[in-house]
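# Structural overview for review
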Amino acid sequence: MIHKHYDVIVLGRSIGALTAAALLARRDFTVMVVGHGERPPTYRLDQHVLRRRAFTLLAEPSPAWRRFLVELAQSQTWKRRIVPALPMLQVVAPRRRLDVPPDMVLFGREIDREFPELRRVVDELYAELAHVNGAADDAFSHDALWPPGTFWERRETARYAAMLPYARAEPDADLLVEFPRGHLFRSIVTQSVLFATDLSALPPPFAVARLHGAWTRGLMTLPRGEEELEEFLVERILAHGGRCLLDERAASVHVRRGTAAGVVLDGDDHPNGSSFVITDMDGETLASLSGGEGIHKRALREWPRITSSVGRFVVSLIVRREGLPEPLGPETLLLPFPSSSSALAGRSMTSSPSPPRAAGDAGGRPSSARATRPAGPGRPVVHLQRCDLPPPSTDTLLVAEILLPDRGPLSLLEARQAVLDALTAELPFLERHLVLVDSVHDGLPVWVYDGQRRRLVERAALKGAAPGAEPMVRQLEVDPPGYLGLAGEPIRGPIERTLLVGRSVLPGLGQEGQLLAAWGAARLVTRTDRRKERMRRDMWSKVEIG
């Protein structure tokens, strides 16, 4: 017995899952979204809102996102929500600080100040990045399937893939070959890419150019981060008649005659029927939900192996605003130690670019405490986000993440303190202005600060967080690598009428890969209904002109 039948049931609340759901709801398909146990982006301790994930909107300039806004007629609404990141990226290392502003003239001055010996090669690098990203924008603006599956899909996508520079380059080709080995600028590029990709290692050269380019070509932010993006997407799904059950969980995928025919929710005896099941899980997890039933032979024979040995460890810090340097930007990379070529006298986070300017309590000269914290290879690279809380609050939320190997020198229980040490090494006034520090990943009590004294608050006091440790978002390894070295699993899942739109489909491209997978899934569903496919073509006379 079927409770209710939907055209599509979507499992997950990631950007890929919600984008696919919103597109299909807009195209007049009946859609139900089930959160399937994925936790929301934020949790609370009393009045303090903390984040369990760092979130940078790197896919905002992508044609995949722009086409989505146009189809849903939301371009103007979106423009009112986003705020430019100024600077787009900031890099802080011992005795070094580099800002990447949107204005290339100002960026040239930054390079002249910090790396004058590299001015020519940096100019050539960013000219090449502009070329690569322009070609990628042209390729991704077409409604093709990435990654392709069938013969005709491969033939169609290959036409657009031929437009991509470095797409067929050797995996170990080096875009930074002109830069000296061990130079700090190499670390700036590679670390920005590692925090943007969903792979645990550096992706192929095209993805390196695409992902570093995403940081440096007009980065935008949302004031409330991932939570605000989720609200925007859910609002669009509901506006077009969809149903969202983000707190519900699927107990199993209902399979009938070898085809996915619905989903049984936790606590229900009967399934909700559907023509398609779309999910942001990987194929193996999806197959386990069906109890191994309905997996087609090709999936059993050829399915890629997805593993992980690196996770994203995230720490949330509430800090009094006067404890932060005035120039600290919304997106910062803290690099632990300079190379020999960049160890010359430079600027720290607490000193301003020429001409010098005051930075309040946190500005001015480095403190003596800073000199007692030598930088070393044991300190992790930190991606730091600054989120100033709205008035009347005078606090700032800092979200710091590191890439934590399962078998590295740093254990899970040591990671929170290691992140805090890395931050206080470059932000010397931070320690005396801490309000609270927490991570959902280590299961340790919340650190609450009264003055300079730390007290421990049990995790049971948190709202929206598990009492124990929560798993980290994992970086992926794919064997064998998929299409162009960018792909992992195919969009078509291991069971007929299931589609994948998660991080495992195009992990090499990070967020943009999830959007491309969502477009691919929406296309496959739409083409099964000729009437709605015709309606979508007719709709272009009614939606906004992008």
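To keep things clear, this report deals only with the structure shown in the data block. Owing to the predicted nature of the structure, the values given are computational and were not obtained by experimental measurement.

### Observations concerning the environment of leucine 202
Tracing the backbone through its elements, the reader meets leucine 202 in the loop between α7 (184–196) and α8 (205–215). Residue leucine 202 is classed as partly exposed on the basis of its relative accessible area of 43%. Residues leucine 202 and glycine 508, spaced 306 residues apart in sequence, show a C-alpha to C-alpha distance of 8.6 Å. If we skip the residues at most four places from it in the chain, leucine 202 touches Thr190, Val193, Leu194 and Val208.

### Thoughts on the pairing of strand β17 (residues 434–438)
Summarising burial for β17: five of the five residues are buried, a large majority. Alignment of strand β13 (residues 305–320) against β17, held across four bridges, turns out to be antiparallel. By the bridge assignment, serine 316 is partnered in β17 with aspartate 438. The pairing of β17 with strand β18 (residues 446–450) spans two bridges and is antiparallel. Note that in β18 the partner of leucine 436 across the bridge is valine 448.

### A few points about the side chain of arginine 13
Structurally, arginine 13 is set in the loop between β1 (5–11) and α1 (15–26). Within polar-contact distance, the side chain of arginine 13 engages the backbone oxygen of glutamate 38 at 3.1 Å. Discounting residues that sit within four places of it in the chain, arginine 13 has contacts with Leu18, Gly35, Glu38, Arg39, Pro40, Glu230, Leu246, Asp247 and Asp280.

### Details of the packing of helix α5 (residues 119–140) against α8
At a minimum axis distance of 9 Å, the contact between α5 and α8 shows a crossing angle of 95°. By the angle between their directions, the pair α5 and α8 is classed as roughly perpendicular. Contact with α5, carried on its side by Tyr126, Leu129, Val132, Asn133, Ala136, Asp137 and Phe140, involves Phe206, Ala209, Arg210, His212 and Gly213 of α8 and no other residues of that element. Its residues placed into classes, the contact of α5 with α8 shows seven nonpolar, three polar and two charged.

### Side note on helix α9 (residues 226–239)
Each α-helix turn comprises 3.6 residues. Residues three or four places apart therefore point the same way. Taking 1.5 Å of rise per residue, the 14 residues of α9 would be expected to cover 20 Å, and the 20 Å separating its terminal C-alpha atoms lies within 8% of that figure. The inward-facing, buried residues of α9 contact α1, β2 (31–34), α2 (63–71), α3 (75–81) and β9 (243–245).

### So, the pattern of salt bridges
Using the criterion set out here, one finds 36 salt bridges in the structure. Of the charged contacts in the structure, one is a salt bridge between aspartate 123 and arginine 119, with a shortest N-O distance of 3.0 Å. In this pair, aspartate 123 and arginine 119 are both assigned in helix α5, four residues apart and thus about one turn of the helix distant. Here arginine 455 ties to aspartate 450 by a salt bridge, and the two come within 2.9 Å at their closest N and O atoms. Bridged by salt links that share partners, the residues Arg81, Glu228, Glu235 and Arg236 form one connected network.

Calculation criteria
Residues numbered from 1 in each chain as written. Predicted model: local features only at pLDDT ≥ 70, side-chain atom pairs only at ≥ 80, totals over all residues. Heavy atoms only, no water. Helix = DSSP H or I, 4+ residues; strand = E, 2+ residues; numbered from the N terminus. Buried < 20%, exposed > 50% of the residue type's maximum accessible area, 1.4 Å probe, protein only. Contact = heavy atoms within 4.5 Å. Pairing = 2+ DSSP bridges. Polar contact = N/O pair within 3.5 Å; in protein donor to acceptor, adjacent residues only side chain to side chain. Axes fitted to C-alpha atoms, helices over the stretch in contact; angles between N-to-C directions. Parallel < 35°, antiparallel > 145°, perpendicular 65-115°, else oblique. Nonpolar A, V, L, I, M, F, W, Y, C, P; charged D, E, K, R; others polar. Expected span 1.5 Å × (residues − 1). Salt bridge = Lys/Arg side-chain N within 4 Å of Asp/Glu carboxyl O.

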